[in-house]
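Below, each chain spelled out in residue letters.
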Amino acid sequence: MDNSETRLVKIFENVFPDLPADRIANASQDSVQNWDSVAAITLMNLIEEEFGIQMDFDDLGELTSFQKILAYVDGKVAQTA
Amino acid sequence: MKLAEALSIVRKAPVNGTPLKVVLACGFTPLHLQNFFAAHLQQAHADRKVEISVGLFEDIPGTLKLLGNDGFQTGALVIEWSDLDSRLGYRHLGGWGQRVVPSILENVKARLKHFDALLREIPSSASLALSLPTLPLPPGFHTAGWQVSEAELALHELVVSFARNLAPHPSVSIVNEARLDTDSPVSSRYDFRADLHTGFPYSLPHAEVLGRALAGLLSPRKPKKGLITDLDDTLWAGLIGEVGHEQISWDLASHTQFHGLYQQMLGALADQGVLLAIASKNTAEIAHKGLTRSDLMISGDKIFPVEIHWEPKSGSVGRILKAWNIGADSVVFVDDSPMELAEVQAAHPDVECLLFPKSDYQAGFVFLQKLRDLFGRPRLSEEDSYRLQSIRQGQQFQDAAQGGDSTEQLLAAAEAQVTFEFNPPASDKRVVELVNKTNQFNLNGLRFTDGEWHEKTNDPNTITVAISYQDKFGPLGKIAVVRGMKHEKTLRIDAWVMSCRAFSRRIEHQTLLQLFERYGAETITFEFTSTPKNKPIADFLRDLLGEEPVNGAVLTRERFNEKLPKLYHQLVEKNG
């Protein structure tokens, strides 16, 4: 796993403590019962805190899985680098 | 604390810990305020499992009504301007400007009145932390931003008046806005984006600070009880042995005002019951001349004991601790010499040693704030004003004993009066305070929130007794609490504490005697647990029982009668 993926996994562990570690990489709103609007905002705030980026609320609707979020974060980090 | 850390703390709460059920009432989505609040509470109650209930969205009254019911004995109310009138926030379009100001003022007034009524219904056994509006008012006023409008002043006046009226409420503690301003700059508090998108108006740093402040009010740390101070270049500027008592100073003209402020601070602390002592390396005769100067900002009779000689200060501190009979962790030692601080710290690692910042103005300013924080207590009780008097009283006891009086003569001549107050009211916060801060004569070291304590004492089978003492040397105030359950001819004691100030007066014997007699008990069972600090009660029970005390140790009336020494107290009974 690369660095951003490791960091994102830790964020997911924090927000979804009941989600087994081996399921995080494939996690999505459909597969994780507790992934509601509060969890989505918490994910967003933790990502902003961890990666030092600002996310757009309008993008939240598209960020429905771990992999999509990872790609989004990598893109944002690359923009700000 | 970062959000990730807060979530981690909450996540790692002990699964089987006794729940600490807490209400959080606010008119917006509590989101991360809830997370930070929970995390700080969890840190303060590591063995518990903090459970926060936020009630229904925008229903502050409904949420507040949970407090005092269903195990919710602790709560926080967070008010923002938009809770007082939605036009004072950004999520509702109800109009701004001079035209709506009268209506807003009326609304805010009515809303605060409603809150006031709700808060007065909170049972005295509950604890509530209150935060007044922390966010700036919106720009809907006719003046430019750098000029305050009459309407803004009127709004602030209403809120301050509301808080002022609530401040004496025994169950309500209010977040200090001035401290919040320092810890969370006003300009960084509001998160416009989050408010409009999610309804959560706070920036994460502000949510963290506010969550910490609220949790701090609900889990206050134990205030320090005593301060030991150096003299030269600390209580006053100058070395009195070199310059003489007339040349030491603490005033503006001499540029030594900070020492005067320190004296003034000590005077204020003494007035709130903090014990003060001196540990100074000096020639006693010379130093006393400084202490008796009439312009000193603290009266000499507020300071006891006074250790002035050339022996190591660690020895002085040891003797002072013994005279005060309090734990080293309740004491602060202040000196301008890092070497003296190190010497004392090495001998008394639990004493908090503070360097007196004699030549650093900014550090001096911070130092005064720190003293306030270390010694601050939520409320002053009658007992606080007795503390020094009772220490001196103990000394008089010892002096009399050293003068040849036997213990029996001393006790017989003491004119002691013990007051037993059965089932004291929940509004008497001293009872739980005493249980939570007493270490030495403490049956098991258990600590309780107000709510937890009263949840059990409200049970009709529970007996709670608060005990006060006074004698010819003066009052000690409320010095002991015992709680138990009666079952047929047995009393089971689950909490028993007595202040160390009241040792050696046989109050503990009198307490058991009254319990045996009043409740017709044949046995008393003690839920004893050994703690690192409760040797005094362990010794007492061992002597009574004739064996090592254990949880469930049983004392029979017969055995007690055999061990009962002669008692000289006059008894007074009160029913709460």
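Residues numbered from 1 in each chain as written. Chains lettered and ligands numbered in written order. Predicted model: local features only at pLDDT ≥ 70, side-chain atom pairs only at ≥ 80, totals over all residues.

### Points about the overall build of chain B
- Scanning chain B for helices and strands turns up 22 helices and 18 strands.
- A compact globule built from 576 residues should have a C-alpha radius of gyration of about 25 Å, and chain B, at 27 Å, falls within 12% of that.
- Referenced to the eigenvectors of the C-alpha coordinate spread, the extents of chain B come out at roughly 85 × 75 × 40 Å.
- Split into buried and exposed, the 576 residues of chain B put 40% on the buried side.
- Restricting to contacts in chain B with at least 6 residues of sequence separation, those with at least 24 account for 72%. (Helix = DSSP H or I, 4+ residues; strand = E, 2+ residues; numbered from the N terminus. Rg over C-alpha atoms; globule rule 2.2 N^0.38 Å. Buried ≥ 20, exposed ≤ 12 C-beta atoms within 10 Å, placed from the backbone. Contact = placed C-beta atoms within 7 Å.)

### Some details on the interface of chain A and chain B
- Each partner contributes residues to the interface: chain A has 10 residues there, and chain B has 12 residues.
- Residue assignment for the side of chain A that touches chain B shows that the elements contributing at least two residues are helix H1 (3–15) and helix H2 (37–51) of chain A.
- Among the residues making up the side of chain A that touches chain B, the classes are represented as 6 nonpolar, 2 polar and 2 charged. (Nonpolar A, V, L, I, M, F, W, Y, C, P; charged D, E, K, R; others polar.)

### Examining the domain arrangement of chain B
Residues and elements named next belong to chain B.
- Here the domain parsing of chain B yields domain 1 (3–218), domain 2 (226–378) and domain 3 (403–575).
- The C-alpha centroid of domain 3 is placed 41 Å from the C-alpha centroid of domain 1.
- Every contact between the two is made by 8 residues of domain 1 and, on the other side, 9 residues of domain 3.
- For the side of domain 1 that touches domain 3, a count of residues per class yields 3 nonpolar, 5 polar and no charged. (Domains from an automatic or database assignment.)

### Side note on the packing of helix H1 (residues 3–11) of chain B against helix H2 (residues 31–44) of chain B
Residue and element names in this part refer to chain B.
- It is the contact of H1 with H2, at a shortest axis distance of 8 Å, that shows an interaxial angle of 55°. Between H1 and H2, the angle is such that the two are oblique. With respect to the hand of their crossing, H1 and H2 are arranged in left-handed fashion. The segment H1 lies against H2, with Leu3, Ala6, Leu7, Ile9 and Val10 engaging His32, Asn35, Phe36, Ala38, Ala39, Gln42 and Gln43.
- Each residue belonging to the contact of H1 with H2 can be placed in one class, and the counts come to 8 nonpolar, 4 polar and no charged. (Axes fitted to C-alpha atoms, helices over the stretch in contact; angles between N-to-C directions. Parallel < 35°, antiparallel > 145°, perpendicular 65-115°, else oblique. Left-handed = near helix turned anticlockwise from the far one by under 90°.)

### Regarding the sheet that holds strand S1 (residues 18–26) of chain B
Residues and elements named next belong to chain B.
- One open sheet holds the 5 strands; their spatial order is S2-S1-S3-S4-S5, and the pairing between them is parallel. Bordering the open sheet on either side are strand S2 (48–53) and strand S5 (172–174), each of which pairs with just one other strand. The average undirected angle you get between the axes of adjacent strands in this sheet is 20°.
- For S1 and strand S3 (residues 74–78), the ladder comprises 5 bridges, and the chain directions are parallel. (Pairing = 2+ DSSP bridges.)

### Description of the pairing of strand S13 (residues 462–471) of chain B
Residue and element names in this part refer to chain B.
- Burial of S13 is extensive: 9 of the 10 residues sit out of reach of the surface.
- Relative to S13, strand S11 (residues 417–422) runs antiparallel, the two being bridged by 6 bridges. Opposite Val418, over in S13, you have Tyr469 as the bridge partner.
- Sheet analysis places S13 next to strand S14 (residues 474–487), joined by 10 bridges and oriented antiparallel. Paired with Val465 across the two strands is Val482, which belongs to S14.

### Examining the nonpolar core
All names here are of chain B.
- With 74 residues, the main nonpolar core has Phe37, Ala76 and Leu214 as its most contacted residues.
- In terms of residue count, the dominant contributor to this core is helix H9 (residues 204–218) (9 residues).
- Counting 41 residues, the second-largest nonpolar core is a separate cluster that includes Trp250, Leu276, Ile303 and Ile320. (Core = buried A, V, L, I, M, F, W, Y, C linked by C-beta atoms within 7 Å.)

### Here's the deal with the sheet that holds strand S7 (residues 275–281) of chain B
Residue and element names in this part refer to chain B.
- Across the sheet, 5 strands lie side by side as S8-S7-S6-S9-S10; this open sheet has parallel pairing. Only two strands of the sheet have a single neighbouring strand rather than two, namely strand S8 (303–309) and strand S10 (352–355). Averaged over all neighbouring strand pairs, the angle between strand axes comes to 20°, with direction disregarded.
- The pairing of S7 with S8 spans 5 bridges and is parallel.

### Here we look at helix H5 (residues 101–120) of chain B
Residues and elements named next belong to chain B.
- Over its 20 residues, H5 runs 28 Å from end to end, which matches the ideal 28 Å to within 8%, given 1.5 Å per residue.
- Within the span of H5, buried status applies to Val101, Ile104, Val108 and Phe115. Projected down its long axis, H5 carries its buried residues within an arc of 55°, all on one side. Exposed positions of H5 whose direction lies more than 90 degrees from the buried face are Pro102, Glu106, Ala110, Lys113, Ala117 and Arg120.
- In the core, the buried residues of H5 are packed alongside helix H4 (81–84) and helix H6 (150–166). (Expected span 1.5 Å × (residues − 1). Arc of directions from axis to C-beta.)

### Side note on the confidence of the model for chain B
Residue and element names in this part refer to chain B.
- For chain B, per-residue confidence averages 91 on the pLDDT scale, and residues scoring 70 or more make up 97% of the total.
- Averaged pLDDT values for the elements of chain B fall to 67 in helix H16 (residues 387–402) and rise to 98 in strand S9 (residues 331–335).
- Interface confidence in the predicted complex, given as ipTM, is 0.83; pTM for the same model is 0.77. (pLDDT = per-residue confidence, 0-100.)

### A closer look at unusual backbone geometry
Residue and element names in this part refer to chain B.
- A cis amide bond, omega -5°, links Phe304 with the succeeding residue Pro305.
- Within the fold, Pro305 resides in strand S8.
- Positive phi, close to 55°, is recorded for Glu415, a residue that is not glycine.
- The phi torsion at Ser504 lies on the positive side, around 70°, for a residue other than glycine.
- Along the chain, the position of Ser504 falls in the loop between strand S15 (490–498) and helix H20 (507–518).

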